[in-house]
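Given next are the chains, with one letter for each unit.
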Amino acid sequence: MAHTKRTLCVRNQKRRSLQVPALQLHVSKTAMRASQKDFESALSQVKLLKDPGNEVKLKLYALYKQATEGPCNTPKPGVFDLINKAKWDAWNALGSLPKETARQNYVDLVSGLSSSSDSSSQVKPEADRKQPGYETLVVTYEDSITKIMMNRPAKKNAVTTQMYNEIMLALKAASKDDSAITVLTGNGDYYSSGNDLTNFTDIPPEGIEEKAKSGAILLRDFVDCFIDFPKPLIAAVNGPAVGISVTILGLFDTVYASSRATFHTPFSHLGQSPEGCSSYTFPKIMGPAKAAEMLIFGKKITAAEACAQGLVTEVFPDSTFQKEVWTRLKAYSKLPPNAMRISKQVIRNREKEKLHAINAEEIRVLQERWLSDECTNAVMNFLTRKAKL
Ligand SMILES: CCCCCCCCCC/C=C/CC(=O)SCCNC(=O)CCNC(=O)[C@H](O)C(C)(C)COP(=O)(O)OP(=O)(O)OC[C@H]1O[C@@H](n2cnc3c(N)ncnc32)[C@H](O)[C@@H]1OP(=O)(O)O
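Residues numbered from 1 in each chain as written. Predicted model: local features only at pLDDT ≥ 70, side-chain atom pairs only at ≥ 80, totals over all residues. Heavy atoms only, no water.

> Explanation requested: the side chain of Asn 105 in the structure shown.
Its place among the elements puts Asn 105 in helix H4 (residues 99-118). Apart from the residues within four sequence positions on either side, Asn 105 is in contact with Leu 63, Leu 97, Gly 133, Glu 135, Gln 162 and Glu 166. (Helix = DSSP H or I, 4+ residues; strand = E, 2+ residues; numbered from the N terminus. Contact = heavy atoms within 4.5 Å.)

> Would you mind going over the site of the ligand with me for this structure?
As a matter of local geometry, the ligand sits amid 28 residues, with Lys 155, Ser 193, Asn 195, Leu 197 and Arg 385 nearest to it. The contact in question runs from an oxygen atom of the ligand to an N or O atom on the backbone of Asn 195, over 2.8 Å. With respect to the ligand, the backbone of Leu 197 contributes an N or O atom lying 2.8 Å from a nitrogen atom. In isolation the ligand has 1,200 Å² of accessible area, and contact with the protein removes 82% of it. Considering each element in turn, the shell around the ligand owes the most residues, four residues, to helix H6 (residues 208-228). (Near = heavy atom within 4 Å. Polar contact = N/O pair within 3.5 Å; in protein donor to acceptor, adjacent residues only side chain to side chain. Areas by Shrake-Rupley, 256 points an atom, 1.4 Å probe, with all protein chains shown as cover.)

> What am I meant to see in the packing of helix H8 (residues 278-286) against helix H12 (residues 337-370) here?
When two helices pack together, their arrangement is captured by the angle between the axes and the distance separating the axes. Their axes nearest at 9 Å, the elements H8 and H12 cross at an angle of 125°. Taken together, the axes of H8 and H12 are oblique relative to one another. Residues Ser 278, Ser 279, Tyr 280, Thr 281 and Lys 284 of H8 form the contact with H12, whose participating residues are Glu 351, Lys 354, Leu 355, Ile 358 and Glu 362. Broken down by class, the residue content of the contact of H8 with H12 amounts to three nonpolar, three polar and four charged. (Axes fitted to C-alpha atoms, helices over the stretch in contact; angles between N-to-C directions. Parallel < 35°, antiparallel > 145°, perpendicular 65-115°, else oblique. Nonpolar A, V, L, I, M, F, W, Y, C, P; charged D, E, K, R; others polar.)

> Just checking my understanding: could you explain the confidence of the model for the protein chain for this structure?
Should pLDDT be low for a region, the predicted coordinates there are not to be read in detail. Put simply, the protein chain has an average pLDDT of 87, and 87% of its residues get 70 or more. In this model residues 1-32 is a low-confidence stretch, pLDDT under 50, and it forms 69 contacts with partners more than four residues away in sequence or in other chains. Throughout residues 119-127 the model reports pLDDT below 50, and contacts reaching past four residues in sequence, or to other chains, amount to six contacts. We note a pTM of 0.74 for the whole complex and an ipTM of 0.99 for its interfaces. (pLDDT = per-residue confidence, 0-100.)

> What exactly am I supposed to notice about the packing of aromatic side chains here?
Describing an aromatic ring pair means giving the distance of the ring centres and the angle of the ring planes. By the definition in use, this model includes eight aromatic pairs. When the centroid spacing of 6.3 Å and the interplanar angle of 80° are considered together, the rings of Phe 200 and Trp 370 count as edge-to-face. Here Phe 200 is found in the loop between strand E4 (181-186) and H6, whereas its partner Trp 370 is found in helix H12, with 170 residues between them in sequence. When its relative accessible area of 18% is taken as the criterion, Phe 200 is described as buried. For Trp 370, a relative accessible area of 12% translates into the label buried. Aromatic pair Phe 222 and Phe 226: ring centres 5.1 Å apart, planes at 65°, arrangement edge-to-face. (Phe/Tyr/Trp six-rings, centres within 6.5 Å; stacked < 30°, edge-to-face > 60°. Buried < 20%, exposed > 50% of the residue type's maximum accessible area, 1.4 Å probe, protein only.)

> Sorry if this is basic, but what is going on with a nonpolar patch on the surface here?
A surface patch of nonpolar side chains, amounting to about 220 Å² of accessible area, comprises Ile 203, Ile 208 and Leu 371. As for its placement among the helices and strands, Ile 203 is situated in the loop between E4 and H6. Ile 203 gets classed as partly exposed once you look at its relative accessible area, which sits at 35%. (Patch = residues over 30% accessible without salt bridge, like charges linked within 9 Å, V, L, I, M, F, W, Y side chains within 5 Å. Salt bridge = Lys/Arg side-chain N within 4 Å of Asp/Glu carboxyl O.)

> In this structure, what is going on with the sheet that holds strand E9 (residues 301-302)? I would like to understand it.
Sheets are built from strands that pair by backbone hydrogen bonding, the pairs being arranged parallel or antiparallel. Within the open sheet, the three strands sit side by side as E6-E8-E9. Their pairing is mixed. Edge strands, defined here as strands with exactly one partner in the open sheet, are strand E6 (241-242) and E9. Here two bridges tie strand E8 (residues 262-264) to E9, and the two strands are oriented antiparallel to one another. The residue of E9 that forms the bridge with Thr 262 is Thr 302. (Pairing = 2+ DSSP bridges.)

> What is the right way to look at the sheet that holds strand E1 (residues 130-131) in this model?
Strands sit in the order E1-E2-E3-E4-E5-E7-E10 across an open sheet of seven strands; the sheet is mixed. Both outer strands of the open sheet, E1 and strand E10 (314-316), are each paired with one neighbouring strand and no more. Where strand E3 (residues 145-150) meets E4, six bridges bridge the pair, whose relative direction is parallel. Across the sheet, residue Thr 146 finds its bridge partner in E4, namely Thr 182. In the packing of helix H11 (residues 321-332) onto the sheet, contacts are made with E3, E4, strand E5 (233-237), strand E7 (254-258) and E10, and the angle to E7 comes to roughly 160°.

> Would you take a moment to explain the pattern of salt bridges for this structure?
Any two side chains of opposite charge can pair, so long as their charged atoms come close to each other. Under the defined criterion, the tally for this structure stands at 18 salt bridges. Two residues, Lys 211 and Asp 202, come together in a salt bridge whose shortest N-O distance is 2.8 Å. Judged by relative accessible area, Lys 211 falls into the buried class, the value being 17%. Salt bridges here are not isolated pairs; linked through shared partners, they connect Glu 361, Arg 364 and Glu 368.

Right, here's the structure in full:
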């Protein structure tokens, strides 16, 4: 099997003491409080706004439908019915986002739009372009770079159902905005601790099989977004990464890591199996032997090891990680965007179909694993704190 190693350039790998920056607990205080009245007032307010553009209108439409009718429940329009298909796609992308959250996101989005149109006579500096409507992410646009930052630092950026949906929305928006490159990173001391294990707890009345089915659709759509993302996609791995946040790195174009980062896929420990196309990308990137140690035995590797094995492009000392990575990315973002996009597509298109098939197959297997005693016991152990990785 051919190894396709990324550029190897390991920097200062001296171990540093783990510095935990002040955690910024992101709790939307109003999240649980968007009343029907707030929602109705947002509905009236939206009519007074100047045209926010198609992308925002689609977001508003999707959140409105989700808030009033719940998950998308209508047949997918035909390919030639472009407008209704775009609306359907936007609604469907919200997956099982709860109605209350959709209502709150709608209210937040309208309030963000109102305040930006109130000050529309002033030219906002690019750094202020924080995009409204996200609860688990901070999405910003600056220097032709869309930055998607996972923002649940107190939970080590564990990925909830809502965060899966918001990352998909943010990627879809970034694929259409005028940014040249897109970056995924984490807030706080972790990049991400992977799937939020409480995703296994809210079992609907229809039973665990239904939950596994909706989880499978969510995960398939999530990974598909990374396979199909049309622009250069960079991961800035600011700290330890676990599970799904590691496996999807094989679908990024470039992975920069802090010297403090570690990479861990404890699937067997959790009674689960590989996802994110890692059963294909990892053996291809690092060779079957190293991939097996990670994916079957759950070996945790350091940033330096991940770089030597080709999963990481370059490691930066933790103390200068942010500065060095953003300086590099700002320079890359000035390259001709169409050329970068086309080069990415030439590289990716050859493999797209295969990656989609691998994603579907991995999820078919994983869906069965979720129903196994091995998986249930492992999740219960974590949630009752008998086990930690
Ligand atoms: C029926 C099927 C439905 C399925 C629906 C899902 C669909 C998609 C599935 C995709 C599958 C992906 C596979 C994976 O990602 S596997 C990896 C899963 N992750 C883990 O197992 C990590 C678990 N976490 C830990 O082991 C530790 O927290 C840590 C990451 C090593 C950090 O330890 P540390 O001591 O530093 O910190 P704490 O443990 O005190 O964590 C701080 C708080 O954060 C909470 N936390 C952290 N990680 C998670 C997590 N993954 N899920 C839920 N909660 C998490 C932790 O509980 C603490 O919360 P607290 O302060 O309230 O106690």
